Amino acid sequence: MDEIETRLAQRLAALRAERGWSLDELAQKSAVSRASLSRIEKGEVSPTANVLGKLCVAFGVTLSRLMQMVEDDFAPLVARADQEVWTDPDTGYQRRLVSPTSKQLSGEVIEVEIGPNQRIEYDGSPRDGLEHHLVMLSGALSMEVDGQTHHLKAGDCLRYQLRGGNVFQTPRDQGAKYHLFIID
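Residues numbered from 1 in each chain as written. Predicted model: local features only at pLDDT ≥ 70, side-chain atom pairs only at ≥ 80, totals over all residues. Heavy atoms only, no water.

This part takes up the UniProt feature "domain: HTH cro/C1-type" (unreviewed entry) in the protein. Per the UniProt record, "domain: HTH cro/C1-type" (unreviewed entry) is found at residues 12-66. The straight-line gap between the two end C-alpha atoms of residues 12-66 is 8 Å; of that span, 69% is helix and 0% is strand. (UniProt positions renumbered as here; feature names shortened; annotations may be inferred. Helix = DSSP H or I, 4+ residues; strand = E, 2+ residues; numbered from the N terminus.)

Here it is as C-alpha cells:
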C-alpha cells in the first residue's frame, strides 16, 4: 500500500471517530459492509471509487475534499509530478488532483481517465447542488445526471449542479479523459 492509500485509510478512520460512529453505524449510513470498512481502515485493501463515493455521501464531504484532507498544506504551484494520483483497484479509473482544494480556495480541478467499457456509479451527492464543470479532453463519455444522459466528446463541456447520484459510462471501444472543475 502506498503513502496516499495509508493516509486515506487513516483519514477515513478519523472521520468515523470524529462523528462517534461505530463501524456498524457507518456501514448502515454508507451501504458498505462492516467487514469492508474494517479492512479499508486497517489499510488492508484500497477502496474503489464506488465505495469512496458512498463514504463521502455518508460523511457529507466531496471526494476531492476527502483527498485534500490527506494532502499536505496549500501550495500555489502544483507541478504535475507532485499531483496526487489515485487509481481504482477494480476499474483502473485514474483520478489526478490537478488543483486540490484548500481552506483558502473554493474550487478544484481533477483530471480523470477512464478506460473503455467502464461504468462508474455514485449513489448520491455529498452536498446538494454542488457545482461541476466537466470538460472532455479526449475520448467519449456518457454522463447521467438528474435522470438525463448526456453524450460527450472531446471539447464538450457539461455544467451541472449535483443533486443526487450520477453515472459515468465509456463506450466499448474507447475511454475518456476529462477535467472536472468543482466549486464548493
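Still to come is the rest of the account.
Let us look at the domain arrangement of the protein. Partitioning the protein into domains gives domain 1 (3-69) and domain 2 (80-183). The gap between the C-alpha centroids of domain 1 and domain 2 is 20 Å. Of the residues lining the interface, 21 residues belong to domain 1; the matching set on domain 2 comes to 22 residues. Carbon and sulfur atoms supply 61% of the area that domain 1 and domain 2 bury against each other, a total of about 1,700 Å² over both sides. Where Arg7 meets Glu84, a salt bridge forms, and the shortest distance between an N and an O atom there is 3.3 Å. Our count for the contact surface shared by domain 1 and domain 2 stands at 2 residue pairs in polar contact (both at pLDDT 80 or more). For the side of domain 1 that touches domain 2, the secondary structure elements donating two or more residues are helix H1 (3-18), helix H4 (49-59) and helix H5 (63-69). In terms of residues, the side of domain 1 that touches domain 2 owes the most to one element, H4, which gives 7 residues. Here the side of domain 1 that touches domain 2 is composed, by residue class, of 10 nonpolar, 8 polar and 3 charged. (Domains from an automatic or database assignment. Contact = heavy atoms within 4.5 Å. Buried area = accessible area lost by both parts, 1.4 Å probe. Salt bridge = Lys/Arg side-chain N within 4 Å of Asp/Glu carboxyl O. Polar contact = N/O pair within 3.5 Å; in protein donor to acceptor, adjacent residues only side chain to side chain. Nonpolar A, V, L, I, M, F, W, Y, C, P; charged D, E, K, R; others polar.)

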